[in-house]
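# Coordinate analysis (summary)
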Amino acid sequence: MNNISIIVAIGENNELGKDNQLLWHISGDLKRFKKLTSGHTVIMGRKTFESLKNGALPNRRNIVLTNNKSFQKNNIEVAHTIDDVFTLINPDKEAFIIGGEAIYELFLPYTQKIYLTKVHKSYNADVFFPNINLNEWKETERTDINEDVQAGVNYSYITLEHIIMNDIIADIRSTLEDNIDIKTQESSQLYFREKIKCYGVKVAVVTDISKKYFKTLKGKSKTQIFDLCDELWQSGYIEESFIACNWSYYMRKQFEPDDFKIFEEWIKNYISNWASCDSFCNHTVGSFIEMYPEFISILKVLATSENKWARRAAAVSLVLPARKGKFLNDIFEIADILLLDKEDLVQKGYGWLLKEASKAHQQEVFNYVIRNKKTMRRTALRYAIEKMPHDLKVQAMEK
Ligand SMILES: NC(=O)c1ccc[n+]([C@@H]2O[C@H](COP(=O)([O-])OP(=O)(O)OC[C@H]3O[C@@H](n4cnc5c(N)ncnc54)[C@H](OP(=O)(O)O)[C@@H]3O)[C@@H](O)[C@H]2O)c1
């Protein structure tokens, strides 16, 4: 998650400045600015930098955005794109966006916190702070300063925190709790060998909850949504993992190759039962692989993992493409890697994959089973031939 904060002073109508200068001089506010930002990174536009009388701000790392490739000044780092900025900063440390208008606008969608000084007066200005959707921000602190004698204004320090990122998870959790079904709670554990953590909410209700809350994320970036998914996964609750699976699948039109790193981390770090493994891998990873088949090579690496869920993931990620007749040779290669796997749920995983592949390639899968039946695990073999005609099944089962 980014740790971006905006720090800004605005007039009654969002006024920021005029003629590349501030509109007021409030020494208390300048001291607060210095106190909050010292020791941190500050990020600004080239014009704001040029408005600073003494150049780079001391005791802070200064990053200046400009399109000018030859722009260089003492004690600053130059960035040419927002991605440059994200590469330069440490995501674990708070970084401050200090203006002006263009830069506030650019970073607002990535901002978690706004330190706002609201000056209670209207000004004639030529740059303005963007309008923010107050439904998305929660005021967490406010101090009213009545009458700065020197500046002759009243103003307020207001801290705003991004609600969606902070509260949506809490809302989802209380909605899940409100929907606990005692029978579901009692029976959930029966489907698993390992101890699972669950609220006891019916799957159909979890699906409705994930759809309902996904709608509230409209306008959020993929990174923000994946960050929320990460938080849901971290809980360990099976229902929360299903919501994370659904949300990442709903984002499939925006999948890019780099997303696989995130999916791989989720598989390795969070998957701990067959249900979340299959839900995530069938849909999210399966769709990704159909878009970027070159990543099948990474599934083959996962198939050699010490983590049994990663090994099952390697197989079940190809289940839906297999049903469409795709990637047969890769499927056989993954089955080869998993052929002697001792874990029952891995055997079932690759057996299921072969069964799905047999729907479009019955003869090839039958030949594969016959070729390997002496060494192949019996569970996997039984799964693989399940959809075949009786006579083929008999031949395959013969010792
Ligand atoms: N009230 C406050 O808290 C506050 C805080 C800061 C500033 N201000 C005021 O805001 C005004 C300045 O704001 P501004 O909007 O005119 O200028 P700005 O945001 O400070 O700087 C704009 C410049 O940043 C660079 N830039 C912007 N977007 C970029 C991108 N995507 N990639 C690369 N470079 C990019 C461009 O530089 P190049 O032209 O070099 O390419 C652009 O001209 C001043 O009046 C200042 O006093 C007020």
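Residues numbered from 1 in each chain as written. Predicted model: local features only at pLDDT ≥ 70, side-chain atom pairs only at ≥ 80, totals over all residues.

Another point: helix 8 (residues 222–235). Taking 1.5 Å of rise per residue, 14 residues should cover 20 Å, and helix 8 covers 20 Å from first to last C-alpha, within 8% of that figure. Among the residues making up helix 8, those that are buried are Leu228, Cys229, Leu232 and Trp233. Viewed along the axis of helix 8, the buried residues span an arc of 145°, placing them on a single side of the element. Gly236 sits one or two residues past helix 8 and shows a positive phi near 80°. (Helix = DSSP H or I, 4+ residues; strand = E, 2+ residues; numbered from the N terminus. Expected span 1.5 Å × (residues − 1). Buried ≥ 20, exposed ≤ 12 C-beta atoms within 10 Å, placed from the backbone. Arc of directions from axis to C-beta.)

Let us now look at the packing of helix 10 (residues 259–270) against helix 11 (residues 274–291). Interhelical geometry of helix 10 versus helix 11 gives an angle of 160° and a closest axis separation of 11 Å. With respect to helix 11, the axis of helix 10 lies roughly antiparallel. Read as a crossing pair, helix 10 and helix 11 show a hand that is left-handed. Contacts from Asp259, Phe260, Phe263 and Trp266 of helix 10 reach helix 11 at Phe280, Thr284, Val285 and Phe288. Class assignment for the residues of the contact of helix 10 with helix 11 results in 6 nonpolar, 1 polar and 1 charged. (Axes fitted to C-alpha atoms, helices over the stretch in contact; angles between N-to-C directions. Parallel < 35°, antiparallel > 145°, perpendicular 65-115°, else oblique. Left-handed = near helix turned anticlockwise from the far one by under 90°. Contact = placed C-beta atoms within 7 Å. Nonpolar A, V, L, I, M, F, W, Y, C, P; charged D, E, K, R; others polar.)

By the assigned domains, the protein chain splits into domain 1 (4–163) and domain 2 (164–397). Put simply, the middle of domain 1 and the middle of domain 2, counted by C-alpha atoms, are 44 Å apart. (Domains from an automatic or database assignment.)

This part is about unusual backbone geometry. Across the junction of Gly99 and Gly100, the peptide omega takes the value 0°, indicating a cis bond. Topologically, Gly100 is positioned in the loop between strand 6 (95–97) and helix 4 (101–107). Positive phi, close to 50°, is recorded for Asp19, a residue that is not glycine. Structurally, Asp19 can be placed in the loop between strand 2 (15–17) and helix 1 (27–37).

For the ligand, the set of nearby residues contains 28 residues, the closest of which are Gly17, Gly45, Gly99, Gly100 and Glu101. Sorting the residues of the shell around the ligand by element identifies strand 1 (4–10), strand 2, strand 3 (41–45), helix 2 (46–51) and helix 4 as the ones contributing at least two each. Taken together, the residues of the shell around the ligand sort by class into 12 nonpolar, 13 polar and 3 charged. (Near = placed C-beta within 6 Å.)

The buried fraction of strand 1 amounts to 7 of the 7 residues, a majority that puts the element mostly inside the structure. Of the two faces of strand 1, the one holding Ile4, Ile6, Val8 and Ile10 and the one holding Ser5, Ile7 and Ala9 are both buried throughout. Two strands pair when backbone bridges link them, and strand 1 and strand 6 are joined in this way by 3 bridges, in the parallel orientation. Looking across to strand 6, one finds that Ile4 is bridged to Ala95. Two strands pair when backbone bridges link them, and strand 1 and strand 7 (residues 111–119) are joined in this way by 7 bridges, in the parallel orientation. (Pairing = 2+ DSSP bridges.)

With 13 residues, helix 9 (residues 238–250) should cover 18 Å at 1.5 Å per step; its first-to-last C-alpha distance of 18 Å lies within 8% of that length. Within helix 9, 11 of the 13 residues are buried, which leaves it mostly tucked inside the rest of the structure. When we look at burial in helix 9, the residues that qualify are Ile238, Glu239, Glu240, Ser241, Phe242, Ile243, Ala244, Cys245, Asn246, Trp247 and Ser248.

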